[in-house]
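# Coordinates in review
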Amino acid sequence: MLSWLIFAPMIGAALVAALPRGRVAAARWLGLLASLAALYLAARLFQMFDPAASAMQFVVRRPWVPLLGIQYAVGVDGISLLLVMLTAVIFPIALLSSWGSIEEKVKEFTVAMLLLETAALGTFLSLDLVLFYVFWEAVLVPMYFLIGIWGGPNRTYAANKFILYTMAASVLMLVAIIALYLVAAPPGARTFDLLRLQETAAPATLAPWLFAAFTLAFAVKVPVWPLHTWLPDAHVEAPTAGSVVLAAILLKMGTYGFLRFSLGL
């Protein structure tokens, strides 16, 4: 179920992208239906979730790059469940809000919104550090174009500032992920699996630096002062739907990352 939930918006994005140009109404309705399909799956997940269990639920694990211990691993617990529900509720509302304000390149706008939803859902559900990083970075691309194409008069400046701040901080997290992979387990058992890494210990001299690298990346996304200066420009220049998603979903990703990774590890 989790894989269908994550990739339902992406499937919708592919269908919207295949529509002929000029089919504005069809693009809008198809995009809305794809986001509603994700909402239905999220509601089913919420219904089936066992709140009495402390372990990750509905875990899916598939080999991705077995040689390096990278997996497609997803799962849900009480923290991520609420954020998944929030994401699934917000995106249909955001898409509906754009019907009266987005008149140009409607198909491309809808595709960007649906890809953004898939990336956000994947971020909240990933249990492999590499998979998490891929989804975390994937969020930036559609959001960059949402601001840069459909934003206000200073949209180019705001979009560039947004992506430069967030990508620069993410590089530190990538370094920390690789370092954790190299030092937290013996060579034959190296893994990017979050649940296994939580049971191992990094060297005491290195652990504070790893914590700082993860936390700084998440602090920029929250954003925490004085790393917040990208946010006012992005909010002001983003289209309404993009601003809604930025405030409701993307800023929560930083706090989620702090709880799940900085403190969890």
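The structure this text deals with has already been given above.
Residues numbered from 1 in each chain as written. Predicted model: local features only at pLDDT ≥ 70, side-chain atom pairs only at ≥ 80, totals over all residues. Heavy atoms only, no water.

Mapped onto the fold, glutamate 117 is located in helix H4 (residues 106–125). Buried charge without a partner: glutamate 117 forms no salt bridge, and the closest opposite charge is lysine 252, 16 Å away. Contact partners of glutamate 117, with chain neighbours within four places excluded, come to Pro9, Ser35, Ala38, Thr87, Ala88 and Phe91. (Helix = DSSP H or I, 4+ residues; strand = E, 2+ residues; numbered from the N terminus. Buried < 20%, exposed > 50% of the residue type's maximum accessible area, 1.4 Å probe, protein only. Lys, Arg positive; Asp, Glu negative; His and termini not counted. Salt bridge = Lys/Arg side-chain N within 4 Å of Asp/Glu carboxyl O. Contact = heavy atoms within 4.5 Å.)

With that settled, the discussion passes to helix H1 (residues 2–17). With 16 residues, H1 ought to run about 22 Å at 1.5 Å a step, and its terminal C-alpha atoms sit 24 Å apart, in line with that. For H1, the principal kink sits at alanine 8 and spans about 40°; a proline, proline 9, occurs within the next four residues. For H1, the set of buried residues is Leu2, Leu5, Ile6, Ala8, Pro9, Gly12, Ala13 and Val16. The inward-facing, buried residues of H1 contact helix H2 (24–48), strand E1 (57–65), strand E2 (70–76), helix H3 (78–97), H4 and helix H5 (129–138). (Expected span 1.5 Å × (residues − 1). Bend = angle between axes of the 7 residues up to and from the residue.)

Turning to its location among the elements, arginine 260 is positioned in helix H11 (residues 240–263). Considering only alpha carbons, one finds arginine 260 and leucine 164, 96 residues apart in sequence, at a separation of 24 Å. For arginine 260, the contacting residues outside a window of four places in its chain are Met56, Asp77, Ile79, Ser80, Leu194, Gln198 and Leu265. In this structure the side chain of arginine 260 is engaged in a polar contact, spanning 2.6 Å, whose partner is the side chain of aspartate 77. (Polar contact = N/O pair within 3.5 Å; in protein donor to acceptor, adjacent residues only side chain to side chain.)

Here we come to the packing of H4 against H5. Two numbers describe how H4 lies on H5: the axes approach to 8 Å, and their chain directions differ by 145°. The hand of the H4/H5 crossing is left-handed. Of the residues in H5, those touching H4 at Thr118, Ala119, Gly122 and Thr123 are Phe132, Phe135, Trp136 and Ala138. Of the residues belonging to the contact of H4 with H5, the class tally is five nonpolar, three polar and no charged. (Axes fitted to C-alpha atoms, helices over the stretch in contact; angles between N-to-C directions. Left-handed = near helix turned anticlockwise from the far one by under 90°. Nonpolar A, V, L, I, M, F, W, Y, C, P; charged D, E, K, R; others polar.)

Summed over the entire model, instances satisfying the criterion amount to 14 aromatic pairs. Consider the rings of phenylalanine 132 and phenylalanine 261, whose centres lie 4.2 Å apart with planes at 35°: the pair is tilted. Highlighted residues: phenylalanine 132 in helix H5 and phenylalanine 261 in helix H11, separated in sequence by 129 residues. Aromatic ring contacts, followed pair by pair, group Phe132, Trp136, Phe214, Phe218 and Phe261 into a single cluster. We note lysine 221 situated over the ring of tryptophan 136; from NZ or CZ to the ring centre the distance is 3.9 Å. (Phe/Tyr/Trp six-rings, centres within 6.5 Å; stacked < 30°, edge-to-face > 60°. Lys NZ or Arg CZ within 6 Å of the ring centre and 35° of its normal.)

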